[in-house]
Amino acid sequence: MSCNNSGSNSANHPEETAEVPPMPWFGMDIGGSLTKLVYFEPMDIPPDEQDLEVETLKNIRRYLTNNSAYGNTGHRDAHLQMNGVYIGGRKGILHFIRFPTSEMPNFLDLAKSKGMATLASTVCATGGGAYKFEQQFLNEVNMTLHKFDELDSLIRGMEFIEGYCSSECYYWENPKDDDKCRKVTFDFSRPYPFMVVNVGSGVSILVVTGAGKFRRVTGTSLGGGTFLGLCCLLTGCTSFEEAIKLAAKGDSTKVDKLVKDIYGGDYSKFGLNGDLVASSFGQMNLEERREAVSKEDLAKATLVTITNNIGSITRMCALTEGIERVVFVGNFLRVNTISMKLLSYAMEYWSGGALRALFLEHEGYFGAVGCLLELMRTSNGDQSES
Ligand SMILES: Nc1ncnc2c1ncn2[C@@H]1O[C@H](COP(=O)(O)OP(=O)(O)OP(=O)(O)O)[C@@H](O)[C@H]1O
Ligand SMILES: CC(C)(CO)[C@@H](O)C(=O)NCCC(=O)O
């Protein structure tokens, strides 16, 4: 990940250097589908401190940084790694790790086996799971979770990373044209006001008006979890990656009813192009149509349905709020250029070019980063939210 360190966040914040908690430094976002773990690996350990460093701490560092897969389901996103980051007056590397939240019992076993319970470390967590798993963390690894709000953490993490990486923010140019479509870096140094659409299991839509100033406008339960759940039901696939691969090969127009299927062409009076979806899954009431579709078509139709619904709600919010820039984040967008391009096109098309869809490279990790930053303010643990 190419990040310049000249952003405003590369300066050491006074509150971050005052008194810092003992290592290891983690930020954890325990979501409805995925748990995101951001680990700060210090690169400036003086030799005398290296000698003093407890074996457990060294082992944890080695284990996390030497592997990119943990068990069957944990992954480190090495392509997102950020070098030369200053946090809490220390210089180091940020590592980005994820695993399914359903694997939490295995994660706790692993943490126990690596000796986490013997370290006097503060663990900061956000996301619903910080509340749901609080007791398990205490009982099984003797860890008290310091909990932070997921949306506060999200915004804090976005501001930090955007200030660090000049190429973090981008948009898709010519999203409808496969030959001309390209990813273009967007200068997001003067961002306010903007909207954030966080597409996780469910979707939260926020309006951000200044540094750390935001409100949650609305949300929808039809999100990334819905796409994956429906796709598993309809196609028999068993993972997000598989669902996206199927969708990439499918044709949703065999599943959906288009305006031209109803009108025979455009519905010109109200500007509805014939190729527009009039009714998602609208062909599937007929047996012969059902027999003619493949699981690839069904996966694509599911992806298009969920994405267009998110796009439609977003557009209405942006209109109501009078906002022109929308940043889409969340792991639903992971390896999912189909949805990013659809959202880009939909924002542009329906707003007559006024709205721009923006995306961030560290798409699903901002909550965990924000949480790690909060850790710097909790050396004595008194900032935790109840
Ligand atoms: N490897 C994966 N396994 C499961 N889901 C994945 C994976 N990669 C991407 N996804 C998608 O990302 C979504 C989860 O995104 P994210 O991690 O941002 O949300 P979350 O924090 O789990 O959910 P919420 O914020 O609603 O609690 C899933 O619903 C799925 O659509
Ligand atoms: C419940 C959360 C905030 C958990 O991250 C998220 O999944 C969400 O915003 N769901 C949508 C809830 C709604 O209908 O507004």
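One numbering rule holds for all chains: residues counted from 1, following each sequence as written. Note on labels: chains are lettered from A, ligands numbered from 1, in written order. Local features in this predicted model are restricted to residues of pLDDT 70 or higher, and side-chain atom pairs are both shown and tallied only at a pLDDT of 80 or more, whereas totals for entire chains, interfaces and linings draw on every residue. To get the side-chain values, all heavy atoms of the structure are used, and hydrogens and water are removed first.

A. Representation of the site of ligand 1 in the model. In this text, near means that some heavy atom of the residue lies within 4 Å of the molecule or strand in question. Near ligand 1 lie 20 residues; those nearest to it are Gly32, Ser33, Lys36, Ser201 and Arg334. Each polar contact in these results corresponds to two N or O atoms within 3.5 Å; when the atoms are within protein, one needs to be able to donate a hydrogen and the other to accept it, and residues that are neighboring in sequence are counted only if both atoms are side-chain atoms. Contact distances for ligand 1 include 3.2 Å between an oxygen atom and a backbone N or O atom of Gly202. Between Gly224 and ligand 1, the recorded distance is 2.9 Å, taken from a backbone N or O atom to an oxygen atom. Its free accessible area being 650 Å², ligand 1 has 87% of it covered by the protein chains. A pocket, in this scheme, is an open set of points on a 1 Å grid over the protein atoms alone with protein on both sides within 12 Å along at least 5 of 7 lines, while a cavity is a set where a 1.4 Å probe fits but cannot get out; residues line either one if an atom lies within 4 Å of a point. Put plainly, a molecule is in a cavity or pocket when over half of its atoms are within 2 Å of the grid points there. Judged by the fraction of its atoms near the pocket grid, ligand 1 is located in the second largest pocket. Put simply, DSSP marks the helices as runs of H or I at least four residues long and the strands as runs of E at least two long, and each gets a number from the N terminus on. Listed by contribution, the elements that provide at least two residues to the shell around ligand 1 are strand S2 (34–42), helix H8 (224–235) and helix H9 (240–248). Residue classes in the shell around ligand 1 are distributed as five nonpolar, ten polar and five charged. Using the Shrake-Rupley algorithm and a 1.4 Å probe, accessible areas are obtained, with residue cover drawn only from the displayed protein chains. Three classes are used, and their members are as follows: Ala, Val, Leu, Ile, Met, Phe, Trp, Tyr, Cys and Pro are nonpolar, Asp, Glu, Lys and Arg are charged, and the others, Gly among them, are polar.

B. Main features of empty space enclosed by the protein. Grid points are joined across faces, edges and corners, and a volume is the space filled by probe spheres set on the points. Taken as a whole and judged by the stated rule, the model has one cavity of 30 Å³ or more. By volume, the largest cavity is sized at about 30 Å³. In this structure, the largest cavity is lined by Met23, Pro24, Trp25, Tyr39, Phe40, Pro42, Glu53, Leu57 and Arg61. In terms of residue count, the dominant contributor to the lining of the largest cavity is S2 (three residues). Its residues assigned to classes, the lining of the largest cavity comprises seven nonpolar, no polar and two charged.

C. Seen up close, the sheet that holds strand S16 (residues 325–329). Note on pairing: two strands pair once DSSP finds at least 2 bridges between them. Reading across the sheet, the seven strands line up as S10-S9-S17-S16-S11-S12-S13 and stay open at both edges, with mixed pairing between neighbours. In the strand order of this sheet, the two ends are held by strand S10 (182–185) and strand S13 (213–220), each with one partner. Taken pair by pair, the neighbouring strands of this sheet meet at an average axis angle of 30 degrees, ignoring direction. Direction of pairing for strand S9 (residues 169–173) relative to strand S17 (residues 356–360): antiparallel, over a ladder of two bridges. Paired with Cys169 across the strands is Leu360, a residue of S17. The sheet strands contacting helix H7 (residues 150–164) are S9, strand S11 (194–199), strand S12 (203–210), S13, S16 and S17, and the helix crosses S12 at an angle near 60 degrees. For helices, the fitted axis covers only the stretch in contact; all axes are lines through C-alpha atoms, and the angles between them, taken along N-to-C directions, range from 0 to 180 degrees. We call two residues contacting when some pair of their heavy atoms lies within 4.5 Å.

D. How the structure looks around the site of ligand 2. The environment of ligand 2 is formed by Glu150, Gly202, Val203, Ser204, Arg216, Gly219, Thr220 and Ser221. Measuring from an oxygen atom of ligand 2, one finds a backbone N or O atom of Gly202 at 3.5 Å. Within the backbone of Val203, a nitrogen or oxygen atom sits 3.3 Å from an oxygen atom of ligand 2. Out of a free accessible area of 390 Å², ligand 2 has 54% covered by protein chains. The set of elements that each furnish at least two residues to the shell around ligand 2 consists of S12 and S13. Looking at side-chain class alone, the shell around ligand 2 contains one nonpolar, five polar and two charged residues.

E. Focus on H8. The terminal C-alpha atoms of H8 lie 16 Å apart, and with twelve residues this matches the ideal 16 Å at 1.5 Å per residue to within 8%. Those residues of H8 that are buried lie in contact with S11, H9 and helix H12 (295–321). Within two residues after H8, Gly236 carries a phi angle of roughly 80 degrees, on the positive side. Between the first and last residue of a helix there are one fewer steps than residues, each counted as 1.5 Å, and that sum is the expected span.

F. Geometry of the nonpolar core. Of all hydrophobic cores here, the largest spans 67 residues; its most connected members are Ile87, Leu94 and Phe137. Dropping the residues within four chain positions of it, Leu94 is found in contact with Val38, Tyr39, Phe40, Gln81, Met82, Val85, Ile87, Phe160 and Leu372. Within the second largest apolar cluster, 36 residues are counted, among which are Val207, Ile244, Ala247 and Leu355. In this text, buried Ala, Val, Leu, Ile, Met, Phe, Trp, Tyr and Cys residues form a nonpolar core when linked through side-chain atoms within 4.5 Å. Burial classes: relative accessible area under 20% of the type maximum marks a residue as buried, over 50% as exposed, and values in between as partly exposed (1.4 Å probe, protein chains only).

G. Layout of the layout of surface pockets. Looking at the largest pocket, its volume works out to about 1,100 Å³. If you trace the largest pocket, you find 33 residues lining it, with Lys176, Val304, Asn308, Leu342 and Tyr345 closest to the centre. For the lining of the largest pocket, the elements supplying multiple residues, two or more each, are strand S15 (277–279), H12 and helix H13 (337–350). Here the lining of the largest pocket is built from residues that sort into 13 nonpolar, eleven polar and nine charged. Of the pockets and cavities examined, the second largest pocket occupies roughly 820 Å³. It is H8 that contributes the most residues to the lining of the second largest pocket, four residues altogether. The class makeup of the residues in the lining of the second largest pocket is 14 nonpolar, 21 polar and eight charged.

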